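As a plain string of letters, each chain reads:
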Amino acid sequence: MQLKDTFERVKRASKSLALLSDQQRNEILLAVADAVINQQERILKANAADLAKMSKENPLYDRLQLTESRLAGIASDMRNVATLPSPLGHITKQKTLANGLRLCRVSVPFGVIGIIYEARPNVTFDVFSLCLKSGNACILKGGKDADSSNREEVAIIHEVLEKYSSLFSLPCSLQDTVALLPATHEATGEMLNAVGYVDICIPRGGRKLIDFVRDTARIPVIETGAGVVHIYFDKEGDLEKGRAIINNAKTRRVSVCNALDTLLIHKDRVGDLDELLAPMKGKVEFFFNDESRYDTEFMAYQMNVVTVNSLEEALDHIDRHGSGHSEAIVTENEETARVFQNQVDAACVYWNAPTSFTDGAQFGLGAEIGISTQKLGPRGPMAMEEICTYKWLIEGEGQTRP
């Protein structure tokens, strides 16, 4: 592997993180948050270079773009992570066996987490903050579209880590706990084959990227991200609530994975469709009952509108075309809502609220490292607890097994 030396350095450095106290980790996080604001001109200049290479019509443009307000939000999320309780050292199970052995199950870091992501420069800071707080080193593999932004961000992180490495007198440089790989397909392949170096890989991107990582990796993968999202407007849905919920879910940020793709509307409420869609008229392109688009994650100002005859038909549509990410129902009938929430197979299922809330920070997790759509292990927004594992600690008095 061309990147073997990088992987080895990160693996070694991950051991140094165990020597840091939670207070020291928080101190570093606050320092990096300050640096995000103090060095924002550097970040925005690099981001402008990336943006200049992408058409504004590209659905990824909004994800790629950083602004002063977005950087302020990133710094705020990082400071919030610093205030959260440490996920490490939690005793999740404890007992004494009949033979006197004392068993204790305690939360620990995974070790080294690999992240593969596309035009999302905010992910660099989110991943760093969650990994540092949870005692994990991270290897980042960003896309070429955001390479200038990512490199400037990692440079700023390294500057802060260099200062604290000498301050805390650690055996390995803290800079090695965060590595950014080249933005090449070859680097992706090397990470996915880094057995013994990378403990788990989390891809963040579109369906094509996630499928490639899942099908190619020789290291464990947590599948995240792709969302074909639905809202079902029931025959007993409130028109005012529905109009606001649908508009927010679709137009708040069209390029994110929790954005609405398909509105399912009960046949008895088709007469209210013009009013439901009124806030989006002239902004969103609608496709009515177009079966060829039912599996589309638009990531653009486009949306399906599908008429259904019943709750059961809506549930069947979601079952066939959903991606297990986020789904919602608008109804004033609690029984209908509970059936919907019980029957829909997705990580997040909403009643009278937009899917735009599927986000780690919105869930009070500080930030997120991804939104898992799988069932084995973490599901939904993943933060610090989801990137920890556990080990058993066993204490005895010389017992032997018969």
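Residues numbered from 1 in each chain as written. Predicted model: local features only at pLDDT ≥ 70, side-chain atom pairs only at ≥ 80, totals over all residues. Heavy atoms only, no water.

K.L.:
Mind showing me how you'd approach the environment of Leu-64 here?
P.N.:
The topology assignment puts Leu-64 in helix 4 (residues 61–64). A relative accessible area of 0% places Leu-64 in the buried class. Sequence-wise, Leu-64 and Asp-145 are 81 residues apart; in three dimensions their C-alpha atoms are separated by 7.8 Å. Once residues within four sequence positions are removed from consideration, Leu-64 is found in contact with Asn-47, Asp-50, Leu-51, Met-54, Ala-119, Pro-121, Asp-145 and Ala-146. (Helix = DSSP H or I, 4+ residues; strand = E, 2+ residues; numbered from the N terminus. Buried < 20%, exposed > 50% of the residue type's maximum accessible area, 1.4 Å probe, protein only. Contact = heavy atoms within 4.5 Å.)

K.L.:
For this particular structure, what's the right way to read the pairing of strand 12 (residues 348–351)?
P.N.:
In the case of a regular strand, side chains alternate between the two sheet surfaces. Residues of strand 12 alternate between two faces, with Cys-348 and Tyr-350 buried on one and Val-349 and Trp-351 left unburied on the opposite face. Across four bridges, strand 11 (residues 326–330) lies against strand 12 in parallel orientation. Bridge pairing in strand 12 places Ala-328 opposite Tyr-350. (Pairing = 2+ DSSP bridges.)

K.L.:
For this particular structure, what's the right way to read the nonpolar core?
P.N.:
Generally speaking, a soluble globular protein has its nonpolar side chains buried in company with each other. Judged by nonpolar contacts, the single largest core of 69 residues is most densely connected at Ile-28, Val-32, Ile-115, Phe-128, Leu-140 and Ile-369. Counting 22 residues, the second largest nonpolar core, distinct from the first, contains Phe-233, Ile-246, Ile-265 and Phe-286. (Core = buried A, V, L, I, M, F, W, Y, C linked by side-chain atoms within 4.5 Å.)

K.L.:
Sorry, what's going on with the pattern of salt bridges here?
P.N.:
Inspection of every chain in the model, using the stated rule, returns 25 salt bridges. Between Asp-211 and Arg-214 there is a salt bridge; the shortest N-O distance is 3.1 Å. With a gap of three residues between them, Asp-211 and Arg-214 both fall in helix 9 (residues 207–216), about one helical turn apart. Residue classification places Arg-214 among the partly exposed positions, given a relative accessible area of 39%. Of the charged contacts in the structure, one is a salt bridge between Glu-275 and Arg-243, with a shortest N-O distance of 2.9 Å. Pair noted here: Glu-275 is in helix 11 (residues 273–277) and Arg-243 is in helix 10 (residues 239–251), with a separation of 32 residues, a long-range link. Relative accessible area serves as the criterion here: at 42%, Glu-275 is assigned to the partly exposed category. (Salt bridge = Lys/Arg side-chain N within 4 Å of Asp/Glu carboxyl O.)

K.L.:
What is the right way to read helix 9 from this model?
P.N.:
The periodicity of an α-helix, 3.6 residues per turn, causes residues three or four places apart in sequence to face the same way. Of all the positions in helix 9, only Leu-209, Ile-210 and Val-213 are classed as buried. Taken end-on, helix 9 shows its buried residues confined to a sector of 95°, consistent with a single buried face. Turned more than 90 degrees from where helix 9 packs its buried face, Lys-208 and Asp-215 sit exposed. (Arc of directions from axis to C-beta.)

K.L.:
Could you clarify how one ought to interpret the side chain of Thr-262 in this entry?
P.N.:
Tracing the chain through its elements places Thr-262 in strand 8 (residues 260–266). The exposure class of Thr-262 is buried, given its relative accessible area of 0%. There is a polar contact of 2.9 Å between the side chain of Thr-262 and the side chain of Asn-304. Setting aside anything within four residues of it in sequence, one finds Thr-262 in contact with Val-229, His-230, Ile-231, Met-303, Asn-304, Val-306 and His-317. (Polar contact = N/O pair within 3.5 Å; in protein donor to acceptor, adjacent residues only side chain to side chain.)

K.L.:
I'm lost on the pairing of strand 10 (residues 302–308) in this one. Help?
P.N.:
For strand 10, a buried count of five out of seven residues is recorded, marking the element as mostly surrounded by other parts of the structure. Here strand 8 runs beside strand 10; their pairing, made up of five bridges, is parallel. In the sheet register, Leu-263 faces strand 10, and the bridge partner there is Val-305. Relative to strand 10, strand 9 (residues 285–288) is paired through four bridges, and the arrangement is parallel. Within the sheet, the bridge partner assigned to Phe-286 lies in strand 10 and is Met-303.

K.L.:
Looking at this model, I keep getting lost on the sheet that holds strand 7 (residues 229–233). Mind explaining?
P.N.:
Backbone hydrogen bonds hold the strands of a sheet together, and the pairing may be parallel or antiparallel. Spatially, 9-10-8-7-11-12 is the arrangement adopted by the six strands of the open sheet, whose pairing is parallel. Looking at which strands have only one partner, the edges of the open sheet turn out to be strand 9 and strand 12. The sheet shows a mean angle of 20° between the axes of neighbouring strands, taken without regard to direction. With respect to the sheet, helix 12 (residues 311–321) is in contact with strand 7, strand 8, strand 10 and strand 11, its orientation differing from that of strand 7 by roughly 175°. Contacts from helix 13 (residues 334–343) reach strand 7, strand 11 and strand 12, with the element oriented near 170° to strand 12. (Axes fitted to C-alpha atoms, helices over the stretch in contact; angles between N-to-C directions.)

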